[in-house]
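Commentary on secondary and tertiary structure
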Amino acid sequence: MSGTSLDGIDAVLARFDAYGHPTILSRASVSFTPSLKEELLALNTSGQDELARAAKASNALVDLYAQAVEQALTQASLAREEVMAIGAHGQTVRHCPQDGYTLQLNAPARLAELTGIDVIADFRSRDVAAGGQGAPLVPMFHAGVFATSHTRVVLNLGGIANITILRPHAEPQGFDTGPANALMDLWCQLHTGDPYDANGLWGAGGTIDQDLLDLLLKGEPWFATPPPKSTGRDLFNQAWLEHRLQQCNIGVLDHSRAQDVQATLRSLTAQTVANAIRTYAHDAREVFVCGGGARNEALMADLRDLLGYAVEPTDKLGIGTQDVEALAFAWLAWAHQQRIAVSRPAVTGARGNRILGACWPA
Ligand SMILES: Nc1ncnc2c1ncn2[C@@H]1O[C@H](COP(=O)(O)OP(=O)(O)OP(=O)(O)O)[C@@H](O)[C@H]1O
Ligand SMILES: [Mg+2]
């Protein structure tokens, strides 16, 4: 898995039983080089020679996927012949289901060639072809591993935030709620040079700018749009933020206000997540958080304040915050091989359940 945060790759090696219940055997993370990160970010908007650049970036990405696979195999002392498949999400550079497409850079044939293992990829396009959002795809996996006898919310804080609402004896619901780390990361990078605000400490030194927060919340109709919905850097990007800062007379390079803006962006994430949970999961009394944002203590504290009940990392349920998304795509690969239609109209808005992904045999 390599997500919208563009921080790098998380891999897990897992064994699934007949019901698709996983046991993690090993895990690996590989960071993007600064130049690959920069290029992948640049490819989120149109630019010169972007087709050839996208093809080259896809190959570079997959070379790192292969490294992650090798690391996971070595750690588990497993031979490649013992592995059924690799689920490889690719790197989303466009997500426009309203226009009938979502685009992940990937090179599954190259990954099959490099690893000698079947590769399952292109998980989102079939759901979009069936009229769906193509996202989020993880709620069915969350249902399999996290559902319990009461209502529970699973929150993934990657570049974008998405929630899954799990109720006993009911189909899961799920949708994107807006930015999680994407805006905070780009702001932190711009003003401190660090790729993210470690533990939320830098932003915690700022004060929330209520006027800016109101503008960010109320000036974006997407937040109030009912699900099914999904989003990405197509909407929540630097231009989106700069436009709103200008409206509040805050200079993009004004260092004296930078921490206040960071605190406000953290609050934007917390408020939009909490609003979505209060509106669509009013009966929930606990939230389990995965993704890198679970390590932002200031953000976790904001969520506890706003919701008034337990907000805990998924480690408490036995799966590490960094492993949940990667494990979900291993499970999606397993489901593809079993020919199980895992997408859900209630989540993505597609016409029906579909088998997701395609296979590139080793
Ligand atoms: N110690 C930390 N403190 C604060 N934030 C952190 C910390 N560690 C990671 N993060 C945040 O988490 C992000 C990475 O999270 P993650 O890998 O879950 O996102 P992602 O790659 O976008 O994944 P996905 O799209 O699958 O949800 C980093 O960019 C950073 O913003
Ligand atoms: Mg990541």
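1. Points about the domain arrangement of the chain
Taken domain by domain, the chain holds domain 1 (8–134 + 323–360) and domain 2 (139–317). Each of domain 1 and domain 2 has a C-alpha centre, and the two are 24 Å apart. With 21 residues of domain 1 at the interface, the matching set in domain 2 holds 20 residues. Counting residues per element, the ones that place at least two in the side of domain 1 that touches domain 2 are β4 (91–96), α12 (324–337) and α13 (345–348).

2. Things to note about the sheet that holds strand β9 (residues 173–179)
Two modes of strand pairing occur in sheets, parallel and antiparallel, and in both the strands are linked by backbone hydrogen bonds. What the 5 strands build is an open sheet, ordered β9-β8-β7-β10-β11; its pairing is mixed. Each of the sheet's edge strands pairs with one partner strand only, and the pair in question is β9 and β11 (310–313). Ignoring which end each strand starts from, the neighbouring axes of this sheet average 25° apart. In this structure, strand β8 (residues 160–166) lies alongside β9, joined through 6 bridges in antiparallel fashion. Paired with T164 across the strands is G174, a residue of β9. Along the sheet, helix α5 (residues 139–146) contacts β7 (152–157), β8, β9 and β10 (286–290); its crossing angle with β8, the most-contacted strand, is approximately 50°. The strands touched by helix α10 (residues 258–280) within the sheet are β7, β8, β9 and β10, with β9 carrying the most contacts at an inclination of about 155°.

3. As for the packing of α10 against helix α11 (residues 297–307)
At their nearest, the axes of α10 and α11 sit 9 Å apart, and the two run at 40° to each other. By the criterion of interaxial angle, the relationship of α10 to α11 is oblique. α11 is crossed by α10, and the crossing has right-handed handedness. Residue-level inspection shows R266, S267, T269, A270, Q271, V273, A274 and I277 of α10 in contact with α11, the latter providing A298, L299, D302, L303, L306 and L307. Across the contact of α10 with α11, the residue classes break down as 9 nonpolar, 3 polar and 2 charged.

4. Considerations on the environment of S5
Among the structural elements, S5 can be located in the segment before β1 (8–16). Here S5 falls in the buried class, since 21 other C-beta atoms lie within 10 Å of it. Spatially, the C-alpha atoms of S5 and Y196 are 9.5 Å apart, while their sequence positions differ by 191 residues. In this structure S5 touches G158, G159, N181, A182, D185 and G292, once residues within four positions along its chain are discounted.

5. Things to note about unusual backbone geometry
A cis amide bond, omega -15°, links A135 with the succeeding residue P136. By secondary structure assignment, the location of P136 is in the loop between α4 (125–129) and α5. Notably, L6 is not glycine yet its phi reads approximately 60°, a positive angle. Among the structural elements, L6 can be located in the segment before β1. Its identity is not glycine, yet N249 carries a phi of approximately 55°, on the positive side. Topologically, N249 is positioned in the loop between α9 (238–247) and α10.

6. Examining the environment of D305
Secondary-structure assignment places D305 in helix α11. C-beta crowding within 10 Å serves as the criterion here: with 11 such atoms nearby, D305 is assigned to the exposed category. Along the backbone, D305 and A85 are 220 residues apart, and their C-alpha atoms lie at a distance of 42 Å.

Reading the values: the criteria
- Residues numbered from 1 in each chain as written.
- Chains lettered and ligands numbered in written order.
- Predicted model: local features only at pLDDT ≥ 70, side-chain atom pairs only at ≥ 80, totals over all residues.
- Domains from an automatic or database assignment.
- Contact = placed C-beta atoms within 7 Å.
- Helix = DSSP H or I, 4+ residues; strand = E, 2+ residues; numbered from the N terminus.
- Pairing = 2+ DSSP bridges.
- Axes fitted to C-alpha atoms, helices over the stretch in contact; angles between N-to-C directions.
- Parallel < 35°, antiparallel > 145°, perpendicular 65-115°, else oblique.
- Left-handed = near helix turned anticlockwise from the far one by under 90°.
- Nonpolar A, V, L, I, M, F, W, Y, C, P; charged D, E, K, R; others polar.
- Buried ≥ 20, exposed ≤ 12 C-beta atoms within 10 Å, placed from the backbone.

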